[in-house]
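Listed below, chain by chain, are the residues.
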Amino acid sequence: MKSIIVTGAGSGIGRATAQTFLAQGWRVGLMGRRAEPLAETAAGNPSAVVLPCDVTDPAAVDQAFASFAAHRPLDVLFNNAGMSAKGAPIDEIPVETWLAVSNTNITGMFLCARAAFGQMRHQTPQGGRIINNGSISAQVPRPGSTPYTMSKHAVTGLTRTVGLDGRAFNIACGQIDIGNALTDMARAMTQGVPQADGRIAIEPTMDVADVAAAVLHMANLPLSVSVPFMTIMARDMPYIGRG
């Protein structure tokens, strides 16, 4: 039985992805701050392992990974946990907001990638795959999105570096950049969101199940194959130039 840890598994893309892997017979570690949503994701599946953990806490992250992988190798990490912030010009964004976003989207991603890398490097057989959740914002920004966009550009740097360093240890690292998957976080797209030209416009969305299927495809590839970057998005959403 292959195994994967999914961070941010209590809702949205993380929940959909975790449930897809469970349906495919994987052993799935469900990581998130609160146990109750994780239990809802697990829905009693015996292959689900609930791992309550704040991804910004180094000791908690290390303990969660060690407990999950204590008796069998860790095949995949879907490094998904993240948060956004209310849109505003940079001078209107509280420093506390920046710190919160960067702690989760940068430090949390680093800590989980670090823990997975260490596990995969030293386990037998050696190796595994790390899939980081980037964003379309890792490529082009939305108006007023400085903290989120900066954090997702940092994820790209993480992906490139871990992918390079992982070659010596049979560790593949890639990134999936997602645009307008219909989760609670993206629900505003269906009501209208600011565009680069100042308009407010409704944007197309896509089924989150299609994102989960893309992650599953990446996870099932042999470790001799890398997908450094995959972009998956609602076909008609604004992308280059954001409309």
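Reference entry: report on the structure contained in this document. (Residues numbered from 1 in each chain as written. Predicted model: local features only at pLDDT ≥ 70, side-chain atom pairs only at ≥ 80, totals over all residues. Heavy atoms only, no water.)

### Observations regarding the sheet that holds strand E2 (residues 27-32)
Logical step 1: One open sheet holds the 7 strands; their spatial order is E3-E2-E1-E4-E5-E6-E9, and the pairing between them is parallel. In the strand order of this sheet, the two ends are held by strand E3 (48-52) and strand E9 (229-233), each with one partner. Within the sheet, the average angular offset between the axes of one strand and its neighbour, ignoring direction, is 20°.
Logical step 2: Relative to strand E6 (residues 171-179), strand E5 (residues 128-133) runs parallel, the two being bridged by 6 bridges. Within E6, the residue paired with Ile131 across the bridge is Gly174. (Pairing = 2+ DSSP bridges. Helix = DSSP H or I, 4+ residues; strand = E, 2+ residues; numbered from the N terminus. Axes fitted to C-alpha atoms, helices over the stretch in contact; angles between N-to-C directions.)

### Description of the packing of aromatic side chains
Logical step 1: A complete count under the given rule lists 2 aromatic pairs for this structure.
Logical step 2: Centre to centre, the rings of Phe21 and Trp26 are 4.8 Å apart; their planes meet at 90°, and the pair counts as edge-to-face. Neither Phe21 nor Trp26 differs from the other in exposure class; each is buried.
Logical step 3: Here Phe117 and Phe169 contribute two aromatic rings whose centre-to-centre distance is 5.8 Å and whose plane-to-plane angle is 80°, an arrangement assigned as edge-to-face. You can see Phe117 sitting in helix H4 (residues 95-122) and its partner Phe169 sitting in the loop between helix H5 (146-165) and E6, a full 52 residues away along the chain.
Logical step 4: Take Phe117: its relative accessible area is 15%, and that puts it in the buried class.
Logical step 5: Between Arg27 and the ring centre of Phe68, over which it is positioned, the NZ or CZ distance is 4.1 Å. (Phe/Tyr/Trp six-rings, centres within 6.5 Å; stacked < 30°, edge-to-face > 60°. Buried < 20%, exposed > 50% of the residue type's maximum accessible area, 1.4 Å probe, protein only. Lys NZ or Arg CZ within 6 Å of the ring centre and 35° of its normal.)

### Details of the packing of helix H1 (residues 12-23) against helix H6 (residues 208-220)
Logical step 1: Put simply, H1 and H6 touch, their axes get as near as 8 Å, and they point 55° apart. The angle between the axes of H1 and H6 places the two elements in the oblique class. By crossing handedness, the relation of H1 to H6 is classed as right-handed. On H6, the residues touching Gly12, Ile13, Ala16, Thr17, Thr20 and Phe21 of H1 are Val208, Val211, Ala212, Val215, Leu216 and Ala219.
Logical step 2: Considered class by class, the residues forming the contact of H1 with H6 number 9 nonpolar, 3 polar and no charged. (Parallel < 35°, antiparallel > 145°, perpendicular 65-115°, else oblique. Left-handed = near helix turned anticlockwise from the far one by under 90°. Contact = heavy atoms within 4.5 Å. Nonpolar A, V, L, I, M, F, W, Y, C, P; charged D, E, K, R; others polar.)

### Topic: the side chain of Asp177
Logical step 1: Inspection of the secondary structure assignment puts Asp177 in strand E6.
Logical step 2: Look at Asp177: it is buried, it has no salt bridge, and the nearest opposite charge is Lys152 at 7.6 Å.
Logical step 3: A polar contact of 3.0 Å, which involves the side chain of Asp177, links it to the side chain of Gln139.
Logical step 4: Those residues in contact with Asp177 that sit more than four places away from it in its chain are Gly134, Ser135, Ile136, Ala138, Gln139, Phe229, Met230, Thr231 and Ile232. (Lys, Arg positive; Asp, Glu negative; His and termini not counted. Salt bridge = Lys/Arg side-chain N within 4 Å of Asp/Glu carboxyl O. Polar contact = N/O pair within 3.5 Å; in protein donor to acceptor, adjacent residues only side chain to side chain.)

### Focus: the pairing of strand E4 (residues 76-79)
Logical step 1: Every second residue of E4 is oriented toward a common face, with Val76 and Phe78 on one face and Leu77 and Asn79 on the other, all of them buried.
Logical step 2: Where strand E1 (residues 3-7) lies against E4, 3 bridges are found, and the strand directions are parallel. By the bridge assignment, Val6 is partnered in E4 with Phe78.
Logical step 3: Bridging between E4 and E5 involves 4 bridges; their strand directions are parallel. Considered in E5, the bridge of Phe78 is made with Ile131.
Logical step 4: As a crossover connection, the stretch from E4 through H4 into E5 is right-handed. (Right-handed = clockwise from strand over helix to strand, strands pointing away.)

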